Amino acid sequence: MFRRLLSSSAIALVLLTLVAATAAPTLAQTGDPAIAISDASVTVIEGSIAAEILVALATQPEADVALSFSFANGEANVTMVSPSLPFTPANWTEERTLTISATVDGTDEGVHTDTLTISATSDDPAYNGTAAVFTGGAGSSNNEVTIQIRDAANLLDDPSFELPVSQSEWRLVAQAGLGGSFSHPAALDGSSVLLRTTSSIETLKYAAQRIGNLNGLAGDEFTFSYSIAGLGVGEDGVIATRILLTRPGIDEPEEVTVSTCGYVGPRGDINWQTLTCSVTATDDYTAVEVFFGWQGLTSGLVGYDVAQLDLVRP
Ligand SMILES: [Ca+2]
Ligand SMILES: [Ca+2]
Ligand SMILES: [Ca+2]
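Residues numbered from 1 in each chain as written. Chains lettered and ligands numbered in written order. Predicted model: local features only at pLDDT ≥ 70, side-chain atom pairs only at ≥ 80, totals over all residues.

S.K.: It is not clear to me how the overall build of the protein should be interpreted in this structure. Could you clarify?
M.R.: Looking only at helices and strands, one finds 1 helix and 20 strands in the protein. Taken across its 314 residues, the protein has 36% of its residues classed as buried. For the protein, contacts bridging at least 24 residues in sequence account for 79% of all contacts bridging at least 6. (Helix = DSSP H or I, 4+ residues; strand = E, 2+ residues; numbered from the N terminus. Buried ≥ 20, exposed ≤ 12 C-beta atoms within 10 Å, placed from the backbone. Contact = placed C-beta atoms within 7 Å.)

S.K.: Would you mind showing me how to read the confidence of the model for the protein here?
M.R.: Should the pLDDT be low somewhere, the predicted coordinates at that spot are not to be read in detail. Averaged over the protein, the pLDDT score is 85; the fraction of residues at 70 or greater is 85%. Low confidence marks residues 178-182, where pLDDT is under 50. Its contacts with residues over four positions away, or in another chain, come to 10 contacts. Across residues 184-188 the pLDDT falls below 50, and counting only partners more than four positions away or on other chains, this stretch makes 14 contacts in the model. (pLDDT = per-residue confidence, 0-100.)

S.K.: Teacher, can you tell me more about the sheet that holds strand S5 (residues 65-71) here?
M.R.: Either a parallel or an antiparallel arrangement is found when strands of a sheet pair, and the pairing is made through backbone hydrogen bonds. Here we have 4 strands laid out as an open sheet, ordered S3-S10-S8-S5, and mixed in their pairing. The open sheet is flanked by strand S3 (41-45) and S5, the only strands paired with a single partner. Taking the axes of each pair of neighbouring strands and ignoring which way they run, one obtains an average angle of 25° across the sheet. With 5 bridges joining them, S3 and strand S10 (residues 144-150) adopt parallel strand pairing. Within S10, the residue paired with Val-42 across the bridge is Ile-147. (Pairing = 2+ DSSP bridges. Axes fitted to C-alpha atoms, helices over the stretch in contact; angles between N-to-C directions.)

S.K.: Any chance you could explain the nonpolar core here in plain terms?
M.R.: What tends to happen in soluble globular proteins is that the nonpolar side chains get buried as a cluster. Among the nonpolar cores identified, the biggest contains 73 residues, and Ile-35, Val-44, Ile-53, Val-55, Ile-100, Ile-147 and Ile-243 are the most heavily contacted of them. For this core, the two domains that each supply at least three residues are domain 1 (3-21 + 154-312) and domain 2 (35-150). Leaving out residues up to four positions away in the same chain, Ile-100 has contacts with Val-42, Val-44, Ala-50, Ala-51, Ile-53, Ala-76, Val-78, Leu-116 and Ile-147. (Core = buried A, V, L, I, M, F, W, Y, C linked by C-beta atoms within 7 Å. Domains from an automatic or database assignment.)

S.K.: So what exactly am I meant to see when it comes to the environment of Leu-98 here?
M.R.: Position of Leu-98 relative to the elements: it lies in strand S7 (residues 96-101). The buried category is assigned to Leu-98, around which 24 C-beta atoms lie within 10 Å. Considered as a pair, Leu-98 and Ile-53 are 45 residues apart in the sequence and their alpha carbons are 5.3 Å apart. Leu-98 has contacts with Glu-52, Ile-53, Val-55, Val-78 and Val-81, leaving out every residue within four places of it along the chain.

S.K.: Please explain the pairing of strand S16 (residues 238-247) as it appears in this structure.
M.R.: The side chains of a regular strand alternate between the sheet's two faces. Of all 10 residues in S16, 8 are buried; the element is thus mostly enclosed. Sheet topology places S16 next to strand S17 (residues 254-262); 8 bridges connect them, and they run antiparallel. Each bridged residue has a counterpart across the sheet, and for Thr-241 the counterpart in S17 is Cys-261. The turn linking S16 back onto S17 is made up of 6 residues.

S.K.: Just checking my understanding: could you explain the environment of Val-104 for this structure?
M.R.: If you trace the backbone, Val-104 turns up in the loop between S7 and strand S8 (112-122). Here the alpha-carbon distance between Val-104 and Glu-46, two residues 58 residues apart in the chain, equals 4.8 Å. What Val-104 contacts, discounting residues up to four positions off in sequence, is Glu-46, Gly-47 and Ala-152.

S.K.: Explain unusual backbone geometry to me, please; I cannot follow it from the model alone.
M.R.: Here Leu-85 and Pro-86 are connected by a cis peptide whose omega angle stands at 5°. With respect to the helices, strands and loops of the structure, Pro-86 is situated in the loop between strand S6 (77-82) and S7. We note that Asn-213 has phi near 60°; this positive angle belongs to a residue other than glycine. Relative to the helices and strands, Asn-213 is located in the loop between strand S14 (204-211) and strand S15 (221-233). According to the C-beta neighbour criterion, Asn-213 is partly exposed, with 16 such atoms within 10 Å. One non-glycine residue with positive phi stands out, namely Val-306, at about 50°. By the element assignment, Val-306 lies in strand S20 (residues 301-312).

S.K.: Sorry if this is basic, but what is going on with the environment of Gly-230 here?
M.R.: Here Gly-230 is to be found in strand S15. Note: C-alpha distance between Gly-230 and Gly-303 (73 residues apart in sequence) is 5.9 Å. Discounting chain neighbours no more than four positions away, the residues touching Gly-230 are Asp-269, Ile-270, Gly-300, Leu-301, Val-302 and Gly-303.

Right, here's the structure in full:
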């Protein structure tokens, strides 16, 4: 039913420019005594994608510096520390890599969070207890890492569009729109997202959700499934779904792999049906984003509901 379309079309260019950049961490090993953390927040997926953060000392300590880790909610854990702790006066220049993961707990929690708190203990008073200064982390003491956890069962936040847009991670975008374009009528399963034509000059209208800060690997397979329906949908324009994998680039995120699946069924009144679009990562990536919507449609409306994004890591 689906075939790849539009891989180099205008819709691709427009969509690509809307992806936010992610900065690479840098840890300063100069200045006053401090413990630098590479990331204030990371994203992990239960049972599959873990996150790596770096921890480094800014100066040579006068004694060994041990780190300890605690989690606020017990949803995540540190599974590996390399090279091993503590920092010593001899090996202090080596950055430590912490791997943070979340296990599959069998509970459908949607997007949930945990907080990692890093504490230091040392006979060097500058690196001991509350006297230790942290940089780069979250919280009032900069020694926390916020961990956003995605459920293994469905990576998307608010997959059935039950929340107001301001409360979910879906973005609704209308190019040259005149406002009042989106609504949530009772539909397939509670509320749905409805992309309605309002003007013949509208060029593009879509909903998107982006999951960033990922340690994605080549070979990861994503499948995006969703239900679609329509009313009075014209014969013009393109209705399509897209999965986009990116990594940080020089000025803007660099496309790693993209899959675009055009709707090729009949127009007019379209009954609810479930469709899928899949992509396999051709290289490592740091973000996945799903889009669905239309370009150049001048009459009718298209509804979407019950979206699901699954990851299989071979
Ligand atoms: Ca959990
Ligand atoms: Ca869970
Ligand atoms: Ca719904």
